[in-house]
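Descriptive structure summary
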Amino acid sequence: MKPLSPPTLPELPRPLLTQVLIVQIPDDRDFGAFRAECESERGWSLTYSKGGVGVWVQLLEPERALHKIKCRMECRDVPAETLYDVLHDIEYRKKWDTNVIETFDIGRLTANSDVGYYAWRCPKPLKNRDVVTLRSWLPMGSDYIIMNYSVKHPKYPPRKDMVRAVSIQTGYLIEGTGAKSCTITYLAQVDPKGSLPKWVVNKSSQFLAPKAMKKMYKACLKYPEWKQKHDPHFKPWLFPEQSRLPPLALSELSLQHADSLENIDESSLAESKEDRGEGSDEDSLT
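Remember, predicted model here, so these are calculated numbers, not experimental data.

1. Section: the pattern of salt bridges
In a structure, side chains of opposite charge can pair up when their charged atoms sit close to one another. In total, this model carries 15 salt bridges according to the counting rule given. Here R29 and D27 are joined by a salt bridge, their closest N and O atoms 3.4 Å apart. Residue R29 is classed as exposed on the basis of its relative accessible area, which comes to 52%. A residue is classified by how much of its surface remains accessible, and D27, at 26% relative accessible area, is partly exposed. What you see here is one network of salt bridges that share partners, running through R35, E39, D143 and E175.

2. Describing the nonpolar core
One finds L83, L87, I174, I184 and M216 to be the most contacted residues of the largest nonpolar core, which totals 32 residues. The element that contributes the greatest number of residues to this core is helix 4 (residues 198–228), accounting for 7 residues. When residues no more than four places from it in sequence are discounted, the contact partners of I184 are C71, R72, M73, C75, L83, L87, Y172, L173, I174, M213 and M216. The next biggest cluster of nonpolar side chains, apart from the first, holds 14 residues, and it includes L109, Y149, L248 and L255.

3. Re the environment of R108
Within the element layout of this structure, R108 appears in strand 4 (residues 100–110). On the basis of relative accessibility, which here comes to 29%, the residue R108 falls in the partly exposed class. Taking C-alpha positions, R108 is 8.1 Å from S243, a pair spaced 135 residues apart along the chain. Sequence-distant contacts of R108, that is, excluding residues within four places in its chain, are made with S113, D114, S243, L245, P246, P247 and L248. Of the polar contacts made by the side chain of R108, one reaches the side chain of S243; its length is 3.5 Å.

4. Looking at unusual backbone geometry
Unusually for a residue other than glycine, D77 sits at a positive phi of about 70°. With respect to the helices and strands, the residue D77 is situated in the loop between strand 3 (66–76) and helix 2 (80–88). One non-glycine residue with positive phi stands out, namely D231, at about 50°. Relative to the helices and strands, D231 resides in the loop between helix 4 and strand 12 (254–255). Judged by its relative accessible area of 40%, D231 falls in the partly exposed class.

5. A few points about helix 1 (residues 28–39)
With 12 residues, helix 1 extends 17 Å between its outermost C-alpha atoms, agreeing within 8% with the 16 Å of an ideal straight helix rising 1.5 Å per residue. Along helix 1, the residues classified as buried are D30, F31, F34 and C38. One side of helix 1 holds all its buried residues, which, seen down the axis, span an arc of 100°. In helix 1, the exposed positions that point more than 90 degrees away from the buried face belong to D28 and R29. One side-chain oxygen of the residue at the start of helix 1 lies 3.1 Å from the amide nitrogen of R29, identifying that residue as D27.

Thresholds applied
Residues numbered from 1 in each chain as written. Predicted model: local features only at pLDDT ≥ 70, side-chain atom pairs only at ≥ 80, totals over all residues. Heavy atoms only, no water. Salt bridge = Lys/Arg side-chain N within 4 Å of Asp/Glu carboxyl O. Buried < 20%, exposed > 50% of the residue type's maximum accessible area, 1.4 Å probe, protein only. Core = buried A, V, L, I, M, F, W, Y, C linked by side-chain atoms within 4.5 Å. Helix = DSSP H or I, 4+ residues; strand = E, 2+ residues; numbered from the N terminus. Contact = heavy atoms within 4.5 Å. Polar contact = N/O pair within 3.5 Å; in protein donor to acceptor, adjacent residues only side chain to side chain. Expected span 1.5 Å × (residues − 1). Arc of directions from axis to C-beta.

Here it is in structure tokens:
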């Protein structure tokens, strides 16, 4: 008698990269899952919609202000490939990203993945944050994805003057909508490590995120002229053979688990008077 075959089970959803126990480089399924999350509307609450910019939030742990945020912006007069270049060009980011304290690439994993460090200013009186992330990118014709998650590198442990945050899943989906137009979606789930006051979440979704998107758009408009004066043919994200980064092995990395880092309780801190105003969107690029 022929033995019965086991029943065919439906394929289970693939876990997020950061839910596995080892560091992995994203594959096509991971990029596909990220794109689906960017395009999903289920479970998201619209908190801002003005001037071609929309912001959505998912509160995951309200008591800790742990949340996902998604921003989408229509970019007229900006080709998708220009926006992709701007997000990759670390030297140009130092010019237009006024929140950056320090950023640099650590090493190259593959032709489309590397590891880098980024430190940024938080609204006063909060402590500034930093992350070490594994970043991967995928060009798809006129569309592009850049995404990252936190890892540990032995040479870049948490600093005493920073709070080490954890990027659970962060990235950009760029979709070309014409020869000189595109749409960008920014998706971030970051554990800031600590209990943040609710005004931080509100300010992030109502002001800081839209302002950052508009600043990015203005940076894109000025990028072609800037790039012509600064190593115009150097684009290792398009031409991997140009990379000057030292090779890095996955075995040198481990996952950065949020529960292994110190929690900072800043929930009772009030917003500083000098940070309370909305400021200007007219930050110049020099």
